[in-house]
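One-letter residues, chain by chain:
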Amino acid sequence: MKRKDAVMSIRLIVKHPDPVLRERAQEVTKFNANLHKLLDDMADTMYDADGVGLAAPQIGISKRVIVVDVGDEHELIEMVNPEIVLAEGEQLGPEGCLSIPGLQGDVKRANRIVIKGQDRHGKPIQYDSTEFLSRAFQHEVDHLNGVLFIDSAESVYEARKPEDQEQDGD
Ligand code: NI
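Residues numbered from 1 in each chain as written. Predicted model: local features only at pLDDT ≥ 70, side-chain atom pairs only at ≥ 80, totals over all residues. Heavy atoms only, no water.

1. With respect to the overall build of the protein
Counting its regular elements, the protein contains four helices and eight strands. For the protein, whose C-alpha radius of gyration is 15 Å, the value lies close to the compact-globule estimate of 15 Å for 170 residues. By its C-alpha atoms, the protein is 40 × 30 × 30 Å across when sized along the principal axes. Looking at the protein as a whole, 52% of its 170 residues are labelled buried. Surface exposure of the protein reaches about 8,400 Å², of which carbon and sulfur atoms provide 49%. Once the 20 positive and 32 negative side-chain charges of the protein are each reduced to a mean point, those two points are 5 Å apart. (Helix = DSSP H or I, 4+ residues; strand = E, 2+ residues; numbered from the N terminus. Rg over C-alpha atoms; globule rule 2.2 N^0.38 Å. Buried < 20%, exposed > 50% of the residue type's maximum accessible area, 1.4 Å probe, protein only. Areas by Shrake-Rupley, 256 points an atom, 1.4 Å probe, with all protein chains shown as cover. Lys, Arg positive; Asp, Glu negative; His and termini not counted. Charge placed at Lys NZ, Arg CZ, Asp CG, Glu CD.)

2. So, the pairing of strand E3 (residues 77-88)
Across four bridges, the pairing between strand E2 (residues 65-68) and E3 is antiparallel. By the bridge assignment for E3, valine 67 is matched with glutamate 78. Pairing between E3 and strand E6 (residues 112-118): six bridges, direction antiparallel. In the sheet register, isoleucine 84 faces E6, and the bridge partner there is isoleucine 115. (Pairing = 2+ DSSP bridges.)

3. Quick look at the sheet that holds E2
As a general point, the strands of a sheet are linked pairwise by backbone hydrogen bonds and lie either parallel or antiparallel. With respect to topology, five strands assemble into an open sheet ordered E1-E2-E3-E6-E7, the strand pairing being antiparallel. The open sheet has two free edges, formed respectively by strand E1 (53-55) and strand E7 (124-130), since each of these has just one partner strand. Adjacent strand axes in the sheet meet at a mean angle of 35 degrees, parallel and antiparallel pairs treated alike. Strand direction decides the pairing type here: E6 and E7, joined by seven bridges, are antiparallel. Looking at the pairing, valine 114 lines up with aspartate 128 of E7. The strands touched by helix H1 (residues 33-48) within the sheet are E1, E2 and E3, with E2 carrying the most contacts at an inclination of about 40 degrees. The sheet contacts of helix H2 (residues 131-144) involve E1, E2, E3, E6 and E7, and relative to E2 the element is tilted by about 155 degrees. (Axes fitted to C-alpha atoms, helices over the stretch in contact; angles between N-to-C directions. Contact = heavy atoms within 4.5 Å.)

4. Some thoughts on the packing of aromatic side chains
Overall, the coordinates contain one aromatic pair when judged by the stated rule. Taking 5.8 Å as the distance between ring centres and 40 degrees as the angle between the ring planes, the aromatic pair formed by tyrosine 127 and phenylalanine 137 counts as tilted. Taken together, the positions of tyrosine 127 in strand E7 and phenylalanine 137 in helix H2 put the pair ten residues apart, joining distant regions of the chain. The burial state of tyrosine 127 is the same as that of phenylalanine 137; both residues are buried. (Phe/Tyr/Trp six-rings, centres within 6.5 Å; stacked < 30°, edge-to-face > 60°.)

5. What to know about the pattern of salt bridges
Close approach of charged atoms allows side chains with opposite charge to pair. Throughout the structure, instances matching the rule amount to twelve salt bridges. Two residues, arginine 135 and glutamate 95, come together in a salt bridge whose shortest N-O distance is 2.6 Å. Taken together, the positions of arginine 135 in helix H2 and glutamate 95 in strand E4 (residues 91-96) put the pair 40 residues apart, joining distant regions of the chain. By relative accessible area, which is 4% here, arginine 135 ends up buried. Three or more residues are tied together by salt bridges with common partners; here these are Glu95, Arg109, Arg135 and Asp142. (Salt bridge = Lys/Arg side-chain N within 4 Å of Asp/Glu carboxyl O.)

So far we have only geometry, and geometry alone does not tell us how the molecule works.
So this is what it looks like as structure tokens:
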């Protein structure tokens, strides 16, 4: 879902091996206009890159903020200070990352997770997710802990087509 108001603001996506991608991102304590601008810019940047998720460190901001839109009924999900509080089952599937262009990998993830966090106003929010949405959340939370999919992938290979990378890139 693209916002139709406001001016688009697309940020530069930081690429591996930039050190900011390896830091543990900081908790957000102020739910102010700066945070709202960050969230807006992250969504614009994600959609512009045809990604399904983006974490703040990927635009060089080491804060615990993620956006996800896997094209399901949730549309755009914004989460601040996300925390996975339950993980069960297993799934294995391909992932890419906007910070690692041209590569994909098969990554084992929990199938179902419950994730808690806050919205842009600091209100508690929670999602119970499986399959691809769950995978996207786990990938983005990893980013906040300095972890990239290439760290845990069972295999890493060149993305065969640009469309593959765009479709799976987050
Ligand atoms: Ni990523």
